[in-house]
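# Inside the fold
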Amino acid sequence: MNKVSQLPARLAIVVCIGVLFSAFVPSSGMLEVMTSIMTLVLIIMLLREDFGREMKGWLLLAFGTYSIGVIADLLDEVPELNDHWLIDNSDDVFMHIGVFLMCLCFIKMLQQRQNLIAHLNTQIEKAHHLEEELSKHAFQDDLTQLENRRALFRRFDAIAIQLQRGVLAYINIDNFKKVNDRFGHKRGDELLIELATILSSTSPDGSKIYRIGGDEFVVLLPTDNNEATHQWVEYLYQTTSLMRQSFDMDLSISIVPYHAGNLSDPDGILAHADKERYKKKAEKNKLAEHTRY
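Residues numbered from 1 in each chain as written. Predicted model: local features only at pLDDT ≥ 70, side-chain atom pairs only at ≥ 80, totals over all residues. Heavy atoms only, no water.

## Overview of the pattern of salt bridges
Any two side chains of opposite charge can pair, on the condition that their charged atoms come close. Short version of the rule: Any carboxyl oxygen of Asp or Glu that lies within 4 Å of a side-chain nitrogen of Lys or Arg is treated as forming a salt bridge with it. Put simply, DSSP H or I for four residues or longer makes a helix, DSSP E for two residues or longer makes a strand, and each gets a number counted from the N terminus. Only protein chains enter the accessibility calculation, which uses a 1.4 Å probe; a residue whose area is less than 20% of its type maximum is buried, one above 50% is exposed, and one in between is partly exposed.
Counting across every chain of the model gives five salt bridges. Residue Asp267 is joined to Arg149 by a salt bridge in which the shortest nitrogen-to-oxygen separation is 3.5 Å. In this pair, Asp267 sits in helix 10 (residues 266–292) while Arg149 sits in helix 5 (residues 149–162), placing the two residues 118 residues apart along the sequence. A relative accessible area of 45% means that Asp267 is categorised as partly exposed. Arg149 gets classed as partly exposed once you look at its relative accessible area, which sits at 32%. Note that Arg244 is salt-bridged to Asp250, the shortest N-O span being 3.2 Å. Across the pair, exposure class does not vary: Arg244 and Asp250 are buried alike.

## Structural notes on the nonpolar core
As a reminder of what qualifies: Working definition of a nonpolar core: buried Ala, Val, Leu, Ile, Met, Phe, Trp, Tyr and Cys residues. They are joined through side-chain atoms within 4.5 Å. Note on definitions: a residue-residue contact is assigned when non-hydrogen atoms from the two residues lie within 4.5 Å.
One finds Ile171, Ile173, Leu199, Phe217, Val219, Trp232 and Leu251 to be the most contacted residues of the largest nonpolar core, which totals 26 residues. Broken down by secondary-structure element, the contributors of at least two residues to this core are strand 1 (166–174), helix 6 (176–183), helix 7 (185–202), strand 3 (216–221), helix 8 (226–239), helix 9 (241–247) and strand 4 (250–258). The element contributing the most residues to this core is helix 7, with six residues. Dropping the residues within four chain positions of it, Leu199 is found in contact with Ile171, Ile209, Phe217, Val219, Trp232 and Leu236. In this structure, Leu168, Val218, Val256 and Ala273 belong to the second largest nonpolar core, which totals 17 residues.

## Re the environment of Phe176
Summarising the element assignment, Phe176 is placed in helix 6. Here the alpha-carbon distance between Phe176 and Phe247, two residues 71 residues apart in the chain, equals 8.9 Å. In contact with Phe176, other than residues within four places in its own chain, are Gly188, Leu191, Leu192 and Asp215.

## Some details on helix 6
For clarity, the threshold we go by: Directions drawn from the helix axis to the C-beta atoms are what define this arc.
Along helix 6, the positions that sit buried rather than exposed are Phe176, Val179 and Asn180. On an axial view of helix 6, the arc spanned by its buried residues comes to 95°, and they lie on one face. Turned more than 90 degrees off the buried face of helix 6, the exposed positions are Lys177, Lys178, Asp181 and Arg182. Contact partners of the buried residues in helix 6: strand 1, helix 7 and helix 9.

## A closer look at unusual backbone geometry
Located in the positive-phi region is Gln145, a residue other than glycine, with phi close to 65°. Here Gln145 is to be found in the loop between helix 4 (85–139) and helix 5. For Gln145, a relative accessible area of 45% gives the class partly exposed. You will see that Leu163, though not glycine, has its phi angle at about 55°, which is positive. For Leu163, the location among the structural elements is in the loop between helix 5 and strand 1.

What follows is the structure in structure tokens.
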């Protein structure tokens, strides 16, 4: 026997229409008996559904009272018992109680369904929140709250698809290890956070800032205007002047244009930017030695 939830709606409609038409056909009470039996079968099928222990108790009570009413109705068809006062008065009473209990069960089932839907919606919201948190941890640097290397590579894909052009600024803190050794790792972390804040506040509108390593940052500038880029680099040096003097450190910055062509190799463009950074750092050190002598 199938469960009620597995029965097609078309079958229920056909049965209801059949009962409706049968009501206009003269009969000797067999239609009422057949309808009662089908109702009992429906209750039995409902008992096979997984509605929980409490709901089964109510359904069993509905089945019991309705069954007593059906039995009393069948006994009322026996000529010898036709005028028995107990049978005449009990069949309709018990059947009505059974119908009432069945209606009560359906109301409880609807409430149970609404509670289940509400619970599922809550779980879905929790899942979405967890997904957002996981995505945040996957693409965000915990210390500076900037996006990380993984997020940078994902941004490269979007830029390449949109055929955008601009400039990648590769920034490295020189002597950062000495900062940690001299001032402690906690103060070194504070330095990284301070630099991240400066980069966020000084970068042109539309720029994207990333921390891709321990002391390495990348800024994607949405313009390939060399003059504007160099002005920003000079402004960044001026803004960090006091910080660099306080910690006896410096910044190495290299500028590399980006476009759809070279973004297909994200590691390559970062390696090229790092190579340019070392080249400028060597030139700066050479100039400093020459100035000293």
